[in-house]
Amino acid sequence: MGLVLVVNAGSSSLKFALVDAMTGQRAAEGVVERIGETGSSAHYAGSQERQVEDSIPDHGAAFAVARDLMIEDGQPQPIAVGHRVVHGGDELTQPTVIDEAVVAQIAACVPLAPLHNPGALVGIAAAGSQYPDIPHVAVFDTAFHATMPAAAREYAIDRKVARDFSIRRYGFHGTSHQYVAAQAAEYLGKDPSDLNLVSLHLGNGASACAIRGGRSVDTSMGVTPLEGLVMGTRSGDIDPSIPMMLHSAGWDAQSVDNLLNRDSGLKGLCGENDMRQISERAAAGDESAELAREVMAHRLRKYLGAYSFILGRVDAVIFTAGIGEHNPWVRSAVCRDLQGFGIEFDEAANANAGSGIQRISAPGSLVTILVIPTDEEYAIAQQSYDLVRDD
Ligand code: ADP
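Residues numbered from 1 in each chain as written. Predicted model: local features only at pLDDT ≥ 70, side-chain atom pairs only at ≥ 80, totals over all residues. Heavy atoms only, no water.

(A) Highlighting the pairing of strand β6 (residues 80-85). Where burial is concerned, most of β6 is hidden: five out of the six residues are buried. Strand direction decides the pairing type here: β6 and strand β8 (residues 136-140), joined by five bridges, are parallel. Residue pairing across strands places V81 opposite H136, the latter belonging to β8. (Buried < 20%, exposed > 50% of the residue type's maximum accessible area, 1.4 Å probe, protein only. Helix = DSSP H or I, 4+ residues; strand = E, 2+ residues; numbered from the N terminus. Pairing = 2+ DSSP bridges.)

Okay, here's the thing in structure tokens:
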């Protein structure tokens, strides 16, 4: 058994899971919230459940709480710590054992992921002080997309400006797209190198990825996780003139950033971002909720079409993450009436899809449509384990 402590540190939260890198089973998991704020708390579930309400002033204290909970619960010491890091920039394109130089490289990517990389850095420092004797590995959301060809990677803007500001498509959710692609290959009994896939990761953040032979060849998120699909609170693709229009009307950069990252997407269209509530409202005839999910599905269909043409042939389309795994309406709106493109959607299988990997295309369909639960923590545990085992 190779237990890896998988860590996802945000600016005021710390999620952790003690994951068996062979099976994905959780020996324990927990979350510390409101770090450095009033009302901090930790929830832990291992062989016993614990709730801690205490002052937790910083991430160092949060890790100490997490570690103590695992020790009190009799959990063994992990063999490595695997850190989820959102942005690895141009250089960090593989899981990497963390040292000072790697920390500096992650810090250099902060301007590209100001909401995410600072939390990861604080998490890495704090975990290092609690677990100084085992290797720490960084696994990057951007890494899987390092294989994108230049035609997909580059924006059509002045080359010097792009270079000076490291502006190019990086893409995110790479750990998830890579994981579900591997799951699809296993399910279909095919070698990943023989498969063309379109992966649709639809959570609060959402992205599409075109995968040829196990490698990302295009993805919908860009230099930041704002581009592409309609998300919970993010606009995805817009006319780039919109920020300039608002700027001319007196909006500053922060206000535009708040609009596009926090008050747009499903929330902008209908006032809330939770697809469960939106589905209920839409089913009851609420027009703005109907519009929100129609706009989301229309954008998805557009990307599915675009990526099918980029790939030339699609063997399978994968739906994953909260909405992809649990929302039959969205899957149907994206895939219905596409027989002309080899997609025979099975509405009954879609409506009745249970848990685990599900096929929701008809048996004769040229393109297989799959629902595949993602498990980024398991993927991070596997990649961390593989790296330190080879060391
Ligand atoms: P995150 O990006 O925060 O990890 P998730 O993958 O949990 O997001 O997806 C969140 C979205 O998935 C929300 O819109 C939520 O309504 C939807 N969702 C999650 N679980 C379910 C479920 N069991 N049934 C329907 N919708 C769900």
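(B) Representation of the packing of aromatic side chains. Under the defined criterion, the tally for this structure stands at three aromatic pairs. Summarising the aromatic geometry, the rings of Y179 and Y378 are spaced 6.0 Å apart at their centres and angled 65 degrees between planes, so their arrangement reads as edge-to-face. With Y179 in helix α6 (residues 174-188) and Y378 in helix α15 (residues 376-390), this residue pair connects regions lying 199 residues apart in the sequence. Taking the relative accessible area as the measure of exposure, Y378 reaches 11% and is therefore buried. Directly above the aromatic system of Y131 lies the positively charged group of R67, at a separation of 6.0 Å from the ring centroid. (Phe/Tyr/Trp six-rings, centres within 6.5 Å; stacked < 30°, edge-to-face > 60°. Lys NZ or Arg CZ within 6 Å of the ring centre and 35° of its normal.)

(C) Region of the structure containing the sheet that holds strand β3 (residues 26-33). Strand order in the open sheet made by the eight strands is β5-β4-β3-β2-β1-β6-β8-β7, with mixed pairing throughout. Looking at which strands have only one partner, the edges of the open sheet turn out to be β5 (49-53) and β7 (96-97). Direction of pairing for β3 relative to strand β4 (residues 41-45): antiparallel, over a ladder of five bridges. The residue of β4 that forms the bridge with G30 is Y44. Across the face of the sheet, helix α3 (residues 117-130) comes into contact with β1 (3-9), β6 and β8 while running at roughly 170 degrees to β6. (Contact = heavy atoms within 4.5 Å. Axes fitted to C-alpha atoms, helices over the stretch in contact; angles between N-to-C directions.)

(D) The arrangement of the pattern of salt bridges in detail. Enumeration over the complete set of coordinates arrives at 18 salt bridges. Across the salt bridge formed by E37 and R34, the nearest N and O atoms sit 3.7 Å from each other. Residue D141 is joined to R84 by a salt bridge in which the shortest nitrogen-to-oxygen separation is 2.5 Å. Taken as a pair, D141 in the loop between β8 and α4 (150-153) and R84 in strand β6 lie far apart in primary sequence, 57 residues in all. Each of R26, D375 and E377 takes part in one network of salt bridges that share partners. (Salt bridge = Lys/Arg side-chain N within 4 Å of Asp/Glu carboxyl O.)

(E) Fine view of the sheet that holds strand β12 (residues 316-320). Taking strand neighbours across the sheet as the criterion, the six strands line up as β11-β10-β9-β12-β14-β13 in an open arrangement whose pairing is mixed. The sheet is open, and its two borders are formed by β11 (215-219) and β13 (358-359), each paired with just one other strand. The strands touched by helix α11 (residues 287-311) are β9 (196-202), β10 (206-212), β11 and β12; relative to β10, the strand with the most contacts, the crossing angle is about 15 degrees.

(F) Broad picture of the site of the ligand. Close to the ligand lie G203, N204, G205, N273, D274, M275, R276, A321, G322, I323 and H326. At 2.5 Å, a side-chain N or O of D274 approaches an oxygen atom of the ligand. R276 is positioned such that a nitrogen or oxygen atom in its backbone is 3.2 Å from an oxygen atom of the ligand. Relative to its unbound accessible surface of 570 Å², the ligand loses 65% to contact with the protein. Taken together, the elements giving at least two residues each to the shell around the ligand come down to α10 (275-283) and α12 (321-326). If one sorts the elements of the shell around the ligand by residue count, α12 sits on top with four residues. Grouping the constituent residues of the shell around the ligand by class yields three nonpolar, six polar and two charged. (Near = heavy atom within 4 Å. Polar contact = N/O pair within 3.5 Å; in protein donor to acceptor, adjacent residues only side chain to side chain. Areas by Shrake-Rupley, 256 points an atom, 1.4 Å probe, with all protein chains shown as cover. Nonpolar A, V, L, I, M, F, W, Y, C, P; charged D, E, K, R; others polar.)

(G) Quick peek at the nonpolar core. Counting residues in hydrophobic clusters, the biggest one holds 41 residues, and the most contacted among them are L202 and I369. At the level of secondary structure, the elements contributing two or more residues to this core comprise β9, β10, α9 (265-270), α10, α11, β12, α13 (328-335) and β14 (368-371). Broken down by element, this core gets its largest block of residues, eight residues, from α11. Excluding its chain neighbours within four sequence positions, the residues that come into contact with I369 are V317, F319, C335, I343, F345, Q358, R359, I360 and S361. In this structure, L3, L5, I35 and A127 belong to the second largest nonpolar core, which totals 24 residues. (Core = buried A, V, L, I, M, F, W, Y, C linked by side-chain atoms within 4.5 Å.)

(H) Quick look at the packing of helix α1 (residues 59-72) against α3. Two elements in contact, α1 and α3, have axes whose closest approach is 8 Å; the angle formed by their N-to-C orientations is 50 degrees. Relative to α3, the element α1 lies oblique. Handedness of the crossing formed by α1 with α3: right-handed. Residues H59, G60, F63, A64 and R67 of α1 pack against V122, G123, A126, A127 and Q130 of α3. Across the contact of α1 with α3, the residue classes break down as five nonpolar, four polar and one charged. (Parallel < 35°, antiparallel > 145°, perpendicular 65-115°, else oblique. Left-handed = near helix turned anticlockwise from the far one by under 90°.)

(I) Highlighting α6. Spanning 15 residues, α6 covers 21 Å between terminal C-alpha atoms, matching the ideal 21 Å at 1.5 Å per step. For α6, the complete set of buried residues consists of G174, T175, S176, H177, Y179, V180, A181, A184 and A185. Positive backbone phi, approximately 70 degrees, marks G189, located one or two places after α6. (Expected span 1.5 Å × (residues − 1).)

(J) Looking closely at the environment of Y307. Mapped onto the elements, Y307 comes out in helix α11. By relative accessible area, Y307 is classed as buried at 3%. Remark: the alpha-carbon pair of Y307 and L197, spanning 110 residues in sequence, is separated by 9.0 Å. Beyond its immediate stretch of four places on either side in the chain, Y307 contacts V198, A208, C209, A210, D218, T219 and S220.

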